[in-house]
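Below, each chain spelled out in residue letters.
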Amino acid sequence: MSALKKLTLTEPELVLALQSKDPAILKTLYSMYSSSLYGVISRIITHTELAEDVLQETFVKIWQSASHYDNTKGRLFTWMMNIARNLSIDKLRSKDFKNSLKNQDIENNVSFVDEQNKVTFNPDVLGVKQLVENLKPDLQAVLDLVYYKGFTHVEAAEKLELPLGTVKTRIRLAIIELRRNFN
Amino acid sequence: MSVENLKAYIESGVLELYVLGDLSPEETVQVEEMASRYPEVRDEIAAIEQAMEQYAMQNAVEPSADVETKLFELLGLNEEKIIEENFPVTPVPSIKTEEPKIIQFDNNYAKVRNLRYALVACVALLVMSVAALFVTYNKLNDAHNEIASLNFDKQKFAGVVSKLEFDNQGLSNMAEMNDSKEWATIRLEGQKFSPSSKMKVYWNKQNKSVLINYVAMDLPKTDAEHEYQLWALVNGKPVSLGVFGGDDKAKEALLKMQTIEQAQAFAVTVEPTGGSINPTMDKLTVMGGV
């Protein structure tokens, strides 16, 4: 797997192969994006097994609805990330998820908490991560809710007891902060 | 739309929500329309997407390996087939450099599989060898027993043959003695001590030698301390002609005794081993006159 990990194709190449349903491209796509998509999923769903189920469902959906992707409307990753986020939020609200939480025993929780901390960072950009963590607390709170917790901006406004406009502005400011760090 | 209005639109935060997938279908269509009309909107969306993508990359978490396996099983895609197939798109150079690694892994796998087969074959061979050895061992035991019984038979036959030779020697001698005019045959009859005993003594008229024949003899067995002694009666006096054992101790059917020039009778007594000077008359076994 690590051998394939370094395979990179440009987005147009990926899209072309994905839409022609070439099985090899799914492997490439998986090696390129599984960990970043899993990063998004596992922030929303902390239960490892369920999060991995969602990751699998995400790739199934990517594979099956590749023809719906329109590159004029945005990047491939944005499309995939939104599939992952939507499936995660659906799972979070499903009966399945609520049941599994009740069934967790203490022993599982220990390893489960450990696994949650196994975040992989790209060492080349550790400094960037540091900057992201230094976001102003009010920006961080909003970003956490919409990005990590799967909240809509409406839900985030209710949760934080803020006007809708303020939430939208803070999301924008947070992302601008990220853009500044990455560019 | 004026530049100010466009700026306000961009700054409203709707584009961020668009990228996050947090807009209603109607709002989404609106944003897409704006993007197709204004390059500024398009560029802004692209920048937000880049930032979100980078952010996701920084926060990547490695899922467990079996998710991938399960995924390909679920989609019914054969992984081996995927590895063998070439990419239809122009492959980046790294594909070619990574390919030998995959082949090497397959070779190792094949090697391990071959070794496993070899191990199974070895075990099977061992089991068969042990079984064959066991069968051979049993056969060898049977052969040993057979050899022992054949050896026993051989000894038995050898015994019979030597007995027959012994008898034959005696019998042929008896026949010769009867035909011959040179030899005189003296019959010795049983006396009071052993009435049923009898034997023959052969006396050569020319060289005066004396022979006895175990085959032509019927004397009781003596014990370990005694043997028979042959006497010649010469003018009423006994002269010893030598001792002889029972027929069970004899190697030859014929036994040559001492010569005697003249004798009127022959007699046999039981004496202590080695013989006596004078015959023990109460143990006179057989006697016969010439």
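Residues numbered from 1 in each chain as written. Chains lettered and ligands numbered in written order. Predicted model: local features only at pLDDT ≥ 70, side-chain atom pairs only at ≥ 80, totals over all residues.

**A word on the overall build of chain B**
The helix and strand inventory of chain B stands at 7 helices and 8 strands. Across the 290 residues in chain B, those meeting the buried criterion constitute 21%. Once local pairs closer than 6 in sequence are excluded, the contacts in chain B between residues at least 24 apart make up 59%. (Helix = DSSP H or I, 4+ residues; strand = E, 2+ residues; numbered from the N terminus. Buried ≥ 20, exposed ≤ 12 C-beta atoms within 10 Å, placed from the backbone. Contact = placed C-beta atoms within 7 Å.)

**Details of the overall build of chain A**
Assigned secondary structure in chain A consists of 11 helices and 0 strands. Along chain A, from the amino end to the carboxyl end, the secondary structure elements read α-α-α-α-α-α-α-α-α-α-α. For chain A, contacts bridging at least 24 residues in sequence account for 63% of all contacts bridging at least 6.

**Structural notes on the sheet that holds strand β4 (residues 226-234) of chain B**
Residues and elements named next belong to chain B. With antiparallel pairing, 8 strands are arranged side by side in an open sheet as β5-β4-β7-β8-β1-β2-β3-β6. Edge strands, defined here as strands with exactly one partner in the open sheet, are β5 (237-244) and β6 (254-257). Averaged over all pairs of adjacent strands, the angle between their axes in this sheet comes to 30 degrees, without regard to strand direction. Examined bridge by bridge, strand β7 (residues 265-272) and strand β8 (residues 284-289) share 5 bridges and lie antiparallel to one another. Note on β8: the bridge partner recorded for Phe 266 is Gly 288. (Pairing = 2+ DSSP bridges. Axes fitted to C-alpha atoms, helices over the stretch in contact; angles between N-to-C directions.)

**Things to note about the environment of Tyr33(A)**
All names here are of chain A. Summarising the element assignment, Tyr 33 is placed in helix α3 (residues 23-44). Note: C-alpha distance between Tyr 33 and Phe 77 (44 residues apart in sequence) is 8.2 Å. Discounting residues that sit within four places of it in the chain, Tyr 33 has contacts with Phe 77 and Met 80.

**Regarding the pairing of β5(B)**
Two elements, β4(B) and β5(B), share 7 bridges in a ladder whose sense is antiparallel. Opposite Leu233(B), over in β5(B), you have Pro238(B) as the bridge partner.

**Description of the nonpolar core**
Of all hydrophobic cores here, the largest spans 59 residues; its most connected members are Leu37(A), Ile41(A), Met80(A) and Val146(A). Sort the elements by how many residues they give to this core and α3(A) lands first, with 11 residues. Contact partners of Val146(A), with chain neighbours within four places excluded, come to Phe151(A), His153(A), Ala156(A), Ile171(A), Leu20(B) and Asp22(B). With 25 residues, the next largest nonpolar core counts Tyr202(B), Leu219(B), Phe266(B) and Val268(B) among its residues. (Core = buried A, V, L, I, M, F, W, Y, C linked by C-beta atoms within 7 Å.)

**Quick word on the pairing of strand β3 (residues 210-218) of chain B**
Residues and elements named next belong to chain B. With 5 bridges connecting them, strand β2 (residues 198-204) and β3 associate as antiparallel partners. Looking across to β3, one finds that Met 199 is bridged to Met 217. Here β3 pairs with β6 via 4 bridges, running antiparallel. Among the inter-strand pairings, Leu 211 is bridged to a residue of β6, identified as Lys 256.

**A short note on unusual backbone geometry**
Residue and element names in this part refer to chain A. For Lys 21, which is not glycine, the phi dihedral falls at a positive 60 degrees. Take Lys 21: it is sitting in the loop between α2 (11-19) and α3. A tally of 13 C-beta atoms within 10 Å means that Lys 21 is categorised as partly exposed. Residues other than glycine seldom take positive phi values, yet Glu 161 does so here, at roughly 55 degrees.

**Concerning the packing of helix α5 (residues 76-93) of chain A against helix α4 (residues 39-58) of chain B**
Direction vectors running N to C along α5(A) and α4(B) enclose 60 degrees, while the axes themselves pass 9 Å from each other. The pairing of α5(A) with α4(B) is recorded here as oblique in orientation. Seen from above, α5(A) lies across α4(B) with left-handed handedness. Along its contact with α5(A), which presents Phe77(A), Thr78(A) and Met81(A), the element α4(B) presents Glu49(B), Met52(B), Glu53(B) and Ala56(B). (Parallel < 35°, antiparallel > 145°, perpendicular 65-115°, else oblique. Left-handed = near helix turned anticlockwise from the far one by under 90°.)

**Some thoughts on the confidence of the model for chain B**
Any region with low pLDDT has predicted coordinates that should not be read closely. All names here are of chain B. Scored by pLDDT, chain B has a mean of 84; 89% of the residues are at 70 or more. Note on residues 84-104: pLDDT is under 50 here. Beyond four places in sequence and across chains, it has 21 contacts. For this predicted complex, the interface confidence score (ipTM) comes to 0.75, while the overall pTM stands at 0.49. (pLDDT = per-residue confidence, 0-100.)

**Let's talk about helix α11 (residues 164-182) of chain A**
For α11(A), built from 19 residues, the straight-helix expectation of 27 Å at 1.5 Å per residue is met to within 8% by its first-to-last C-alpha distance of 27 Å. For α11(A), the complete set of buried residues consists of Val167(A), Lys168(A), Arg170(A), Ile171(A), Arg172(A), Ala174(A), Ile175(A), Leu178(A) and Asn181(A). (Expected span 1.5 Å × (residues − 1).)

**Some words on the environment of Ser20(A)**
Looking at where Ser20(A) falls in the secondary structure, it is placed in the loop between α2 and α3. Residues Ser20(A) and Ser67(A) lie 47 residues apart in sequence; the distance between their C-alpha atoms is 8.7 Å.

**A word on the packing of α3(A) against α5(A)**
Residue and element names in this part refer to chain A. It is at 9 Å that the axes of α3 and α5 come closest, and there the two elements cross at 30 degrees. As for the relative orientation of α3 and α5, their crossing is right-handed in sense. Every residue of α5 that contacts α3 at Tyr 33, Leu 37, Val 40, Ile 41 and Ile 44 is listed here: Phe 77, Met 80, Met 81, Ala 84, Arg 85, Ser 88, Ile 89 and Leu 92. For the contact of α3 with α5, the class distribution of residues is 11 nonpolar, 1 polar and 1 charged. (Nonpolar A, V, L, I, M, F, W, Y, C, P; charged D, E, K, R; others polar.)

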